[in-house]
Amino acid sequence: QVQLVESGGGLVQAGGSLRLSCAASGRTLYAMGWFRQAPGKERAFVAAIGWISSITYYADSVKGRFTISRDNAKNTVSLQMNSLNVEDTAVYYCAAARNFQSVQAVDLVDYWGQGTQVTVSS
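Report follows, based on the coordinates. (Residues numbered from 1 in each chain as written. Predicted model: local features only at pLDDT ≥ 70, side-chain atom pairs only at ≥ 80, totals over all residues. Heavy atoms only, no water.)

**Overview of the state of the cysteines**
The term disulfide refers to a covalent linkage connecting the sulfur atoms of a pair of cysteines. Scanning the entire structure with this criterion turns up 1 disulfide. One disulfide bridge connects Cys22 with Cys94, the sulfur atoms lying 2.1 Å from each other. Handedness here is read from the sign of the S-S torsion; for Cys22 and Cys94, about -85°, the answer is left-handed. Of this pair, Cys22 sits in strand S3 (residues 18-26) while Cys94 sits in strand S9 (residues 90-97); the two residues are 72 residues apart in sequence, bridging distant segments of the chain. On the basis of relative accessible area, Cys22 is assigned to the buried category, the value being 1%. Residue classification places Cys94 among the buried positions, given a relative accessible area of 0%. (Disulfide = S-S within 2.5 Å. Helix = DSSP H or I, 4+ residues; strand = E, 2+ residues; numbered from the N terminus. Buried < 20%, exposed > 50% of the residue type's maximum accessible area, 1.4 Å probe, protein only.)

Quick look at the structure:
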């Protein structure tokens, strides 16, 4: 079992930055990722990071603006979000899966956090 708890969401103006964090407890030998879900839309992949090599992968919509990182000693994964725009408004979910490929697919994620709201105002 893995428990994931997100923090760091909030309200920010367009062009601003936010940093999301996810604290993992329990068995933590998993690839980690972030997804987001905007009102009326399906949950969508944002970013992923591997367990051992820390390989990363990003959705095209956030590439160059968002950075995912992890601290295995603290069992945390973070998402630094820069140059935010109104289209980034969504509930952001931390995710854990057994491998790097699986953590990029909604249907293959093993564990989800409860979500944290990010609202970007124009």
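**Considering the environment of Ala73**
Among the secondary structure elements, Ala73 is positioned in the loop between strand S7 (66-71) and strand S8 (76-81). Between the C-alpha atoms of Ala73 and Glu42, which are 31 residues apart in sequence, the distance is 33 Å.

**Re the packing of aromatic side chains**
Within the structure shown, the criterion is met by 5 aromatic pairs. Note on Tyr30 and Tyr111: the rings are 5.7 Å apart at their centroids and 90° apart in plane angle, and the pair reads as edge-to-face. Of this pair, Tyr30 sits in the loop between S3 and strand S4 (31-37) while Tyr111 is found in strand S10 (residues 111-112), placing the two residues 81 residues apart along the sequence. Residue class for Tyr30 comes out buried when judged on its relative accessible area of 5%. The exposure class assigned to Tyr111 is buried, which follows from its relative accessible area of 16%. Ring centres of Phe45 and Tyr57 lie 5.9 Å apart, and the angle between their planes is 20°; on these two criteria the pair is classed as stacked. Placement of the pair is Phe45 in strand S5 (residues 44-49) and Tyr57 in strand S6 (residues 56-58), with a sequence separation of 12 residues. Among the aromatic residues, ring-to-ring pairing joins Phe35, Phe45, Tyr57, Tyr93 and Trp112 into one connected group. (Phe/Tyr/Trp six-rings, centres within 6.5 Å; stacked < 30°, edge-to-face > 60°.)

**Comments concerning the side chain of Asp88**
Checked against the element boundaries, Asp88 lands in the loop between S8 and S9. With residues up to four places along the chain from it excluded, the contact list for Asp88 reads Arg36, Arg65, Phe66, Ser83, Val118 and Val120. (Contact = heavy atoms within 4.5 Å.)

**Some words on the sheet that holds strand S1 (residues 2-7)**
Taken in spatial order, the 4 strands make up an open sheet running S1-S3-S8-S7, and their pairing is antiparallel. Of all strands in the sheet, those bounded by a partner on one side alone are S1 and S7. With direction set aside, neighbouring strand axes in the sheet form an average angle of 15°. By the bridge criterion, 6 bridges tie S1 to S3 in an arrangement that is antiparallel. Looking at S3, one finds that Val2 is bridged to Gly26. (Pairing = 2+ DSSP bridges. Axes fitted to C-alpha atoms, helices over the stretch in contact; angles between N-to-C directions.)

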